[in-house]
Amino acid sequence: MTVPVPAWFDDLTDAIDTEEAEYRVCSACDAAVLPPRQCCPECGDTAFDTHPLPDRGTLRSFTEIYVTIPAFHGETPYTVALVEFDGRLTLTGQLRGASAEEVAIGDDVTVGTERRDEGARLVAFRPVA
Amino acid sequence: MVSIASAASTAYDTRPDTTSRELFAEAAAEAFADAALDPPDVDIVYAGNFMGDLLEDQGHMGALVADHVGCREAASVRVESACASGGAAVREAVHAIEAGAADVALAGGVEVMSIADIEHVTDALANAADEVYENEQGLTFPGIYALMARRYLHEFDATREDLAAVSVKNHANAVDNPLAQFRKELSVEEVLASKPIATPLVLYDACPISDGASVVLLVSDEFAAERGLDASVSVLGTGQSSDAVALQDRASITRTPAAERAAREAYADAGITPDDVDVLEVHDCFTIAEVLALEALGFYDRGEGVRGAVEGETALGGDLPVNPSGGLLGKGHPVGATGAGQVVELTKQLRGEHPNQVAGADVALAHNVGGSGASTTVTILGGG
């Protein structure tokens, strides 16, 4: 089922594109969170400090997808990665500029976005040359 | 104490010509006949179902199946906790009886999946994940477990061959289970040679797409005594916990803390320790999932869970038989039914009636997972 992309995700990906993205860290327990959380999932606190999202992170894990969902029909194989920033915040996106065979856990990647059909936005990672 | 008057499953298989109401009624009819109970005896029906509204275009599954098993006047509710819906339904029923709100509860689950093609089933299963941060990025459910598996192989001394050993064991167990979908032995080589679905996981690291239903008739001890029922298998304890739905929101992706918490609660509720457990049915939707389950439930230290299948400790004749039914890998995984199906299999074990009987089994544990661990139930049974 196609549903509209939430405004908060549009805002996040817009900010990633202009290198102005931020994430929040719980003032009470230091847990890092992404939009649209209103309370800390670790301790329930509602006060946060804001930190800039770095333009590069490290590969936490990745997988090359062969069986997909209709929205990505015909695009297999493609690689989905978990990338960690500042050692405490992880984003999910697709790997660009390299195949799964060419990367390893711990590799450095940059983060950007791609616009897909119907306005959906993809988080895209590229290996640091 | 809450006891099990009877428990029954349909065969798990692909039955694309059938519907959830038929499958649930088929399982329930067997349970009523076995327990010498009648549908009007039931006070409440809990129906686990994950994707009826997505694949069958049918919501409101609680009332629908209640009506089709002859319990039209009972209270009814659909329980949805993704692939832990069946386990959660059983737990709700236990609580209703413990609270004195019901004497007889019919708890079960049902799923019809094979009516859709593989991409639409994969899409429906993906509803258990984070729509924005995961599905919109092209991540699939096999992909989520693949991310966990790759990280596990990176952090610990384990190999793809070790994971394949889980699949080999569970497929071997399924051969003699007449209710199992995939009754064929596989070798490690055959598992590894199957086609990739999400690297490093291949087809035989994954459970099949299945249709089926399982039900458990739970009764209060007072009701069992009053009616002279043979309800010698009892629920000793249950536990349930949640976790972040998105994998990216977890501090570790090689641990399943909801299972750790659910297990702690269930062990305390039952007054037992892992050493007391004789047989387990765990949620092996993928090979890596059984490994993580055995670590979370306290049977192996972190990074050691692969030893169970590799060294034979979790084989049918081993010290700790795990998934003698064939598990999700061999028996099949009609997602909403699975948690109740585990309780059906373990009830047979405790009654000494299982085709893969574990000798002298007195205490049994079921572990049922929704999503990649964001919902987990643990049910401990005893007696027989």
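Scope of this entry: the structure provided in the associated data block.

So, how was this worked out
Residues numbered from 1 in each chain as written. Chains lettered and ligands numbered in written order. Predicted model: local features only at pLDDT ≥ 70, side-chain atom pairs only at ≥ 80, totals over all residues. Heavy atoms only, no water. Helix = DSSP H or I, 4+ residues; strand = E, 2+ residues; numbered from the N terminus. Rg over C-alpha atoms; globule rule 2.2 N^0.38 Å. Buried < 20%, exposed > 50% of the residue type's maximum accessible area, 1.4 Å probe, protein only. Contact = heavy atoms within 4.5 Å. Areas by Shrake-Rupley, 256 points an atom, 1.4 Å probe, with all protein chains shown as cover. Lys, Arg positive; Asp, Glu negative; His and termini not counted. Charge placed at Lys NZ, Arg CZ, Asp CG, Glu CD. Salt bridge = Lys/Arg side-chain N within 4 Å of Asp/Glu carboxyl O. Pairing = 2+ DSSP bridges. Axes fitted to C-alpha atoms, helices over the stretch in contact; angles between N-to-C directions. Parallel < 35°, antiparallel > 145°, perpendicular 65-115°, else oblique. Nonpolar A, V, L, I, M, F, W, Y, C, P; charged D, E, K, R; others polar. Buried area = accessible area lost by both parts, 1.4 Å probe. Polar contact = N/O pair within 3.5 Å; in protein donor to acceptor, adjacent residues only side chain to side chain. Core = buried A, V, L, I, M, F, W, Y, C linked by side-chain atoms within 4.5 Å. Expected span 1.5 Å × (residues − 1).

Our focus in this paragraph is the overall build of chain A. Assigned secondary structure in chain A consists of 1 helix and 8 strands. The secondary structure elements of chain A, listed N-terminal to C-terminal, are α-β-β-β-β-β-β-β-β. For chain A, the C-alpha radius of gyration of 15 Å lies close to 14 Å, the compact-globule estimate for 129 residues. Along the first, second and third principal axes, the C-alpha set of chain A runs to 45 × 35 × 25 Å. Looking at the 129 residues of chain A, the share that counts as buried comes to 42%. Pairs at least 24 apart in sequence give 52% of the contacts found in chain A among residues at least 6 apart. Summed over its atoms, the accessible surface of chain A is roughly 6,400 Å², and 45% of this surface lies on carbon and sulfur atoms. Of the side chains in chain A, 10 bear a positive and 23 a negative charge, and the two mean positions are spaced by 2 Å.

Another point: the pattern of salt bridges. A full pass over the atoms with the stated rule returns 20 salt bridges over all chains. Across the pair Arg121 of chain A and Asp17 of chain A runs a salt bridge whose closest N-O atoms are separated by 3.2 Å. Placement of the pair is Arg121 of chain A in strand β8 (residues 121-127) and Asp17 of chain A in helix α1 (residues 7-17), with a sequence separation of 104 residues. Residue Asp249 of chain B is joined to Arg37 of chain A by a salt bridge in which the shortest nitrogen-to-oxygen separation is 3.0 Å. Of this pair, Asp249 of chain B sits in the loop between β8 (233-242) and α10 (257-270) while Arg37 of chain A sits in the loop between β2 (32-33) and β3 (48-52), placing the two residues on different chains. Through salt bridges that share partners, Glu304, Arg307, Glu311 and Glu313 of chain B make up one connected network.

What follows concerns the pairing of strand β1 (residues 22-26) of chain A. Here is the key point about a regular strand: its side chains alternate between the two faces of the sheet. Residues and elements named next belong to chain A. Of the strand pairs in this sheet, β1 and β3 are connected by 5 bridges, and their pairing is antiparallel. Among the inter-strand pairings, Arg24 is bridged to a residue of β3, identified as Thr50. Note that β1 and β2 share 2 bridges and pair antiparallel. Following the sheet pairing, Arg24 is matched in β2 by Val33.

Now for the packing of helix α4 (residues 85-98) of chain B against helix α14 (residues 338-351) of chain B. Residue and element names in this part refer to chain B. Taken N-terminus to C-terminus, the directions of α4 and α14 make an angle of 65°; their axes are 4 Å apart at the nearest point. Here α4 lies roughly perpendicular to α14, going by the angle between them. Judged by residue contacts, Gly86, Gly87 and Val90 of α4 engage Gly339, Ala340 and Val343 from α14. The residue inventory of the contact of α4 with α14, partitioned by class, reads 3 nonpolar, 3 polar and no charged.

With respect to the helices and strands, Ala251 of chain B occurs in the loop between β8 and α10. Spatially, the C-alpha atom of Ala251 of chain B lies 39 Å from that of Phe24 of chain B, the residues being 227 residues apart in sequence.

Tallying the contact residues gives 31 residues for chain B and 35 residues for chain A. Between chain B and chain A lies a buried interface of about 3,000 Å² when both sides are counted; carbon and sulfur atoms form 58% of it. The largest contributions to the chain B side of the interface with chain A come from Glu119, Tyr133 and Gln137 of chain B, which together make up 24% of the buried area. In this structure, the connection of chain B to chain A is made through 1 salt bridge. At the junction of chain B with chain A, the criterion picks out 17 residue pairs in polar contact (both at pLDDT 80 or more). Elements supplying a minimum of two residues to the side of chain B that touches chain A: α5 (118-125), α6 (141-155) and β5 (196-198) of chain B. Looking at the side of chain B that touches chain A element by element, the count peaks at 6 residues for α6 of chain B. In the side of chain B that touches chain A, the residues fall into 12 nonpolar, 11 polar and 8 charged.

With 51 residues, the main nonpolar core has Phe50, Met51, Tyr145, Tyr152, Phe286 and Ile288 of chain B as its most contacted residues. Of all the secondary structure elements, the ones that give two or more residues to this core are β5 (78-85) of chain A together with α5, α6, α7 (160-174), β5, α11 (287-296) and α13 (327-331) of chain B. When sequence neighbours within four positions are dropped, the list of residues in contact with Phe286 of chain B reads Phe141, Pro142, Tyr145, Ile197, Leu201, Asp205 and Ala206 of chain B. Formed by 32 residues, the second largest nonpolar core is a distinct cluster that contains Leu23, Ala47, Leu64 and Val110 of chain B.

Further remarks concern the sheet that holds β2 of chain A. Pairing within the open sheet is antiparallel, and its 3 strands lie in the order β2-β1-β3 (chain A). What marks the edges here is a single partner per strand, and that holds for β2 and β3 of chain A.

It is worth spelling out unusual backbone geometry at this point. With an omega of -10°, the peptide bond running from Thr76 of chain A to Pro77 of chain A counts as cis. Mapping Pro77 of chain A onto the fold places it in the loop between β4 (56-65) and β5. Following Thr199 of chain B, the chain continues to Pro200 of chain B via a peptide bond in cis, the omega torsion being 10°. With respect to the element layout, Pro200 of chain B can be found in the loop between β5 and β6 (201-202). Even without a glycine there, the phi angle at Ala82 of chain B is positive, about 55°. One can find Ala82 of chain B in the loop between β3 (75-79) and α4.

So, about the environment of Gln357 of chain B. Residues and elements named next belong to chain B. Topologically, Gln357 is positioned in the loop between α14 and β10 (363-370). Residue Gln357 is classed as partly exposed on the basis of its relative accessible area of 30%. When the C-alpha positions of Gln357 and Leu346 are compared, they lie 9.8 Å apart, and in sequence the two are 11 residues distant. A distance of 2.8 Å separates a polar atom in the side chain of Gln357 from the backbone oxygen of Gln349. There is a polar contact of 3.0 Å between the side chain of Gln357 and the backbone nitrogen of His354.

This part is about α10 of chain B. Residues and elements named next belong to chain B. Over its 14 residues, α10 extends 20 Å from the first C-alpha to the last, a length consistent with the 20 Å expected when each residue adds 1.5 Å. Of the surrounding secondary structure, the elements contacted by the buried residues of α10 are β8, α11, β10 and β11 (375-383). Phi turns positive, to about 70°, at Gly271, one or two residues after α10.

Function-wise, these values are silent; they only describe arrangement.
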